[in-house]
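Listed below are the residues making up each chain.
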Amino acid sequence: MGAAALAGDPLVLELLEQAAERIGNAIASLVDFSNPATLVVCGGVLRTGPLFLDVVTRVVQQRSSALALRDLEIVSATWTWTWTARSCAAARHSRSKRL
């Protein structure tokens, strides 16, 4: 799918945009609820380059409140970010088991 999107396949581009809009809508709700400073987007769909992330970012900026967006940074995951996120999730999980 990524290669077809990068090659400009119109059907794949349309599907990719629809998926990015839906995910952007869901993320916008989470941003309004939790007001994060950084949002890390990860997954194989990022192989499409900015095609996916740009749409997600646009939708989040359109649908989230100005207060929630004030300090928000949306980034794509790198190897370091992926392992940092997994480490944080594992630490949180083990901490909640102890409580």
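An account of the accompanying structure is given in this report. Because the structure is a prediction, the values reported are computed rather than measured.

**Thoughts on helix α3 (residues 50–63)**
Working step 1: The terminal C-alpha atoms of α3, which comprises 14 residues, lie 20 Å apart, in line with the 20 Å expected from a rise of 1.5 Å per residue.
Working step 2: Within α3 the residues assigned to the buried category are Phe52, Leu53, Val55, Val56, Thr57, Val59 and Val60.
Working step 3: Packed against the buried residues of α3 are α2 (10–34), β1 (38–41), α4 (66–69) and β2 (73–76).

**A look at the packing of α2 against α3**
Working step 1: At a closest axis distance of 7 Å, the pairing of α2 and α3 adopts a crossing angle of 40°. Regarding the angle of α2 to α3, the classification is oblique. Where α2 crosses over α3, the two elements pack in a sense that is right-handed.

**Observations regarding unusual backbone geometry**
The bulk of non-glycine residues show a negative phi, and the bulk of peptide bonds are trans.
Working step 1: Positive phi is not limited to glycine here, since Asn35 has a value of about 50°.
Working step 2: Within the secondary structure layout, Asn35 lies in the loop between α2 and β1.
Working step 3: Assessed through its relative accessible area of 43%, Asn35 is described here as partly exposed.

**A word on the nonpolar core**
In globular proteins that are soluble, nonpolar side chains generally tend to be buried together.
Working step 1: Counting 18 residues, the largest nonpolar core has Val41, Phe52, Val60 and Ile74 as its most contacted members.
Working step 2: Elements supplying a minimum of two residues to this core: α2, β1 and α3.
Working step 3: A per-element tally of this core places α3 first, with 6 residues.
Working step 4: Those residues in contact with Phe52 that sit more than four places away from it in its chain are Leu16, Ala19, Ala20, Ile23, Val41, Val45 and Leu46.

**Things to note about α2**
The periodicity of an α-helix, 3.6 residues per turn, causes residues three or four places apart in sequence to face the same way.
Working step 1: If you check α2, its first and last C-alpha atoms are 35 Å apart, about what 25 residues at 1.5 Å a residue would give, namely 36 Å.
Working step 2: The complete set of buried residues in α2 reads Val12, Leu16, Ala20, Gly24, Ile27, Ala28 and Val31.
Working step 3: In this fold, the buried residues of α2 make contact with α1 (2–6), β1, α3 and α4.
Working step 4: Of the residues flanking the start of α2, the one acting as N-cap is Asp9, its side-chain oxygen 2.9 Å from the backbone nitrogen of Leu11.
Working step 5: Looking at the residues trailing α2, positive phi occurs at Asn35, about 50°.

**Examining a nonpolar patch on the surface**
Working step 1: Among the surface-exposed residues, Met1, Leu11 and Leu15 lie close enough to one another that they form a single nonpolar patch of about 330 Å² accessible area.
Working step 2: For Leu11, the position within the fold is in helix α2.

**What about the pattern of salt bridges?**
Working step 1: The full count for this structure, using the stated rule, is 3 salt bridges.
Working step 2: Of the charged contacts in the structure, one is a salt bridge between Glu21 and Arg58, with a shortest N-O distance of 3.9 Å. A residue pair is termed long-range when its members are at least 10 positions apart, and Glu21 in helix α2 and Arg58 in helix α3 qualify at 37 residues.
Working step 3: In this structure, the salt-bridge partner of Arg70 is Asp71, at a minimum N-O distance of 3.7 Å. Considered together, Arg70 and Asp71 belong to a single accessibility category, that of exposed residues.
Working step 4: Because the salt bridges share partners, they merge into one network encompassing Glu17, Glu21 and Arg58.

The rules behind the values
- Residues numbered from 1 in each chain as written.
- Predicted model: local features only at pLDDT ≥ 70, side-chain atom pairs only at ≥ 80, totals over all residues.
- Heavy atoms only, no water.
- Helix = DSSP H or I, 4+ residues; strand = E, 2+ residues; numbered from the N terminus.
- Expected span 1.5 Å × (residues − 1).
- Buried < 20%, exposed > 50% of the residue type's maximum accessible area, 1.4 Å probe, protein only.
- Contact = heavy atoms within 4.5 Å.
- Axes fitted to C-alpha atoms, helices over the stretch in contact; angles between N-to-C directions.
- Parallel < 35°, antiparallel > 145°, perpendicular 65-115°, else oblique.
- Left-handed = near helix turned anticlockwise from the far one by under 90°.
- Core = buried A, V, L, I, M, F, W, Y, C linked by side-chain atoms within 4.5 Å.
- Polar contact = N/O pair within 3.5 Å; in protein donor to acceptor, adjacent residues only side chain to side chain.
- Patch = residues over 30% accessible without salt bridge, like charges linked within 9 Å, V, L, I, M, F, W, Y side chains within 5 Å.
- Areas by Shrake-Rupley, 256 points an atom, 1.4 Å probe, with all protein chains shown as cover.
- Salt bridge = Lys/Arg side-chain N within 4 Å of Asp/Glu carboxyl O.

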